[in-house]
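Now for the letters of each chain:
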Amino acid sequence: MRKAALETKIDKQNEIIITLDSAIYPLEAIYNTAYNFIDQAYLFLDGKGEPIKEVIVTIKPKINTDKKELLELKQEFLNELLDNVLRYQIAKENKTIREFIVGTALLGSLNKLNPSEEFFTDLESLTEELTSVSQNKEEDGEELLENEEEEENEEVLDENFTFEDPLGIAVPWEEKFQAQENKDNSKKNNKKKK
Amino acid sequence: MKNNTHGVIKFNKNIYSEKAIVSSIAAFKHLAHFDIQQKGDYYLVILSKINPQVKDVIKDEFNNYVLAKIKTD
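Residues numbered from 1 in each chain as written. Chains lettered and ligands numbered in written order. Predicted model: local features only at pLDDT ≥ 70, side-chain atom pairs only at ≥ 80, totals over all residues. Heavy atoms only, no water.

J.: Got a sec to walk through the overall build of chain A? Specific residues and values, please.
T.: Along the backbone of chain A there are 5 helices and 4 strands. Reading the secondary structure of chain A in the N-to-C direction produces β-β-α-β-β-α-α-α-α. By residue count, 23% of the 194 residues in chain A fall in the buried class. Counting contacts in chain A only where the partners sit at least 6 residues apart, residues at least 24 apart contribute 54% of the total. Counting every atom, chain A has about 15300 Å² of accessible surface; 52% of that belongs to carbon and sulfur. (Helix = DSSP H or I, 4+ residues; strand = E, 2+ residues; numbered from the N terminus. Buried < 20%, exposed > 50% of the residue type's maximum accessible area, 1.4 Å probe, protein only. Contact = heavy atoms within 4.5 Å. Areas by Shrake-Rupley, 256 points an atom, 1.4 Å probe, with all protein chains shown as cover.)

Written out as structure tokens, the structure is:
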């Protein structure tokens, strides 16, 4: 029979003991969740297996609490844990794209410093690899983006679209000051002629 | 007043790093005498000569501190 991914119990010493399957709840997510609770409770982690298959979290409230409050604390912890598992998964999925963005930004600044040719060949191969990964992701969201773009274009291309500009912020500099500057110049020229 | 209280904390090697434990010991050394040993999958942190004013909470606070060290290091 398969064991549950999560088991909880409250012992006689008013400690919450949660056993988690590390295949479903990664250790990094458990660390982050435990860290978020160290102001409310004392937390201790233990594990079973090599590599770890089960993580045992012991939560002991810092102040005396009744059973209802203990249950609330346990539920809060489990909700926070789910939140952190999701964050961890998203961070893991987007890792290559994040690295690609940082790499591209660095390349922009390095162009000015004349880097070696070897650097560019390495970067090209990395770019190709990452592009193929990002293309797969783009295809998934392509339809959604197209719909959004169509809606945006409709808004921009609306001929009846007007907006108020009481302070004249949208007036270009040339229109605003060029006429006055021309007047000043012509006055100076006239004075010189006289 | 005698100052001979002691205790042992078992940290799983696959969960807690030695670096986090050692730096936590450095932060708590003014409250007790610490000794660290290895036994199987565990680091054993042996506390002795614990300051009586903190003897009830030092182990729990130490655990939390090590956990925070793992996260922030």
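After presenting the structure, the write-up continues.
J.: Help me get a handle on the confidence of the model for chain A, residues and values and all.
T.: When the pLDDT values of chain A are averaged, the result is 81; 79% of them are 70 or greater. Mean pLDDT across the elements of chain A ranges from a minimum in helix 4 (residues 117-156) of chain A, with 70, to a maximum in helix 1 (residues 27-36) of chain A, with 95. (pLDDT = per-residue confidence, 0-100.)

J.: Lay out the nonpolar core in plain terms, naming residues and giving numbers.
T.: With 47 residues, the main nonpolar core has L43, V57 and I59 of chain A together with F11, Y16, F34 and F62 of chain B as its most contacted residues. Not counting residues up to four positions away in its chain, the partners in contact with L43 of chain A are A34, F37, I38, V57, T58, I59 and F77 of chain A together with N63, N64 and L67 of chain B. (Core = buried A, V, L, I, M, F, W, Y, C linked by side-chain atoms within 4.5 Å.)

J.: Before we move on, can you summarise the environment of N32 of chain A with the specific residues and values?
T.: Relative to the helices and strands, N32 of chain A is located in helix 1. Between the C-alpha atoms of N32 of chain A and E80 of chain A, which are 48 residues apart in sequence, the distance is 9.1 Å. In this structure N32 of chain A touches N84 of chain A together with K71 of chain B, once residues within four positions along its chain are discounted.

J.: Please set out the interface of chain A and chain B residue by residue, giving values where relevant.
T.: In this complex, chain A contributes 19 residues to the contact, which on the side of chain B involves 19 residues. The contact between chain A and chain B buries some 1700 Å² in all, and 57% of this surface belongs to carbon and sulfur atoms. At the junction of chain A and chain B, the tally comes to 1 salt bridge. Of the charged contacts in the structure, one is a salt bridge between D60 of chain B and K60 of chain A, with a shortest N-O distance of 2.8 Å. Our count for the contact surface shared by chain A and chain B stands at 11 residue pairs in polar contact (both at pLDDT 80 or more). In terms of residues, the side of chain A that touches chain B owes the most to one element, strand 3 (residues 41-48) of chain A, which gives 7 residues. (Buried area = accessible area lost by both parts, 1.4 Å probe. Salt bridge = Lys/Arg side-chain N within 4 Å of Asp/Glu carboxyl O. Polar contact = N/O pair within 3.5 Å; in protein donor to acceptor, adjacent residues only side chain to side chain.)

J.: So, the sheet that holds strand 1 (residues 7-12) of chain B: which residues are in play, and what are the values?
T.: All names here are of chain B. A sheet is described by the order of its strands in space; here 3 strands give the open sequence 1-3-2, paired in antiparallel fashion. Looking at the sheet topology across the chains shown, the edges are occupied by strand 1 and strand 2 (33-39). Geometrically, the sheet is characterised by an average inter-axis angle of 20° between neighbouring strands, direction not taken into account. Summarising the sheet, strand 1 and strand 3 (residues 42-48) pair through 6 bridges and their orientation is antiparallel. When the sheet's bridge partners are listed, F11 is paired in strand 3 with Y43. (Pairing = 2+ DSSP bridges. Axes fitted to C-alpha atoms, helices over the stretch in contact; angles between N-to-C directions.)

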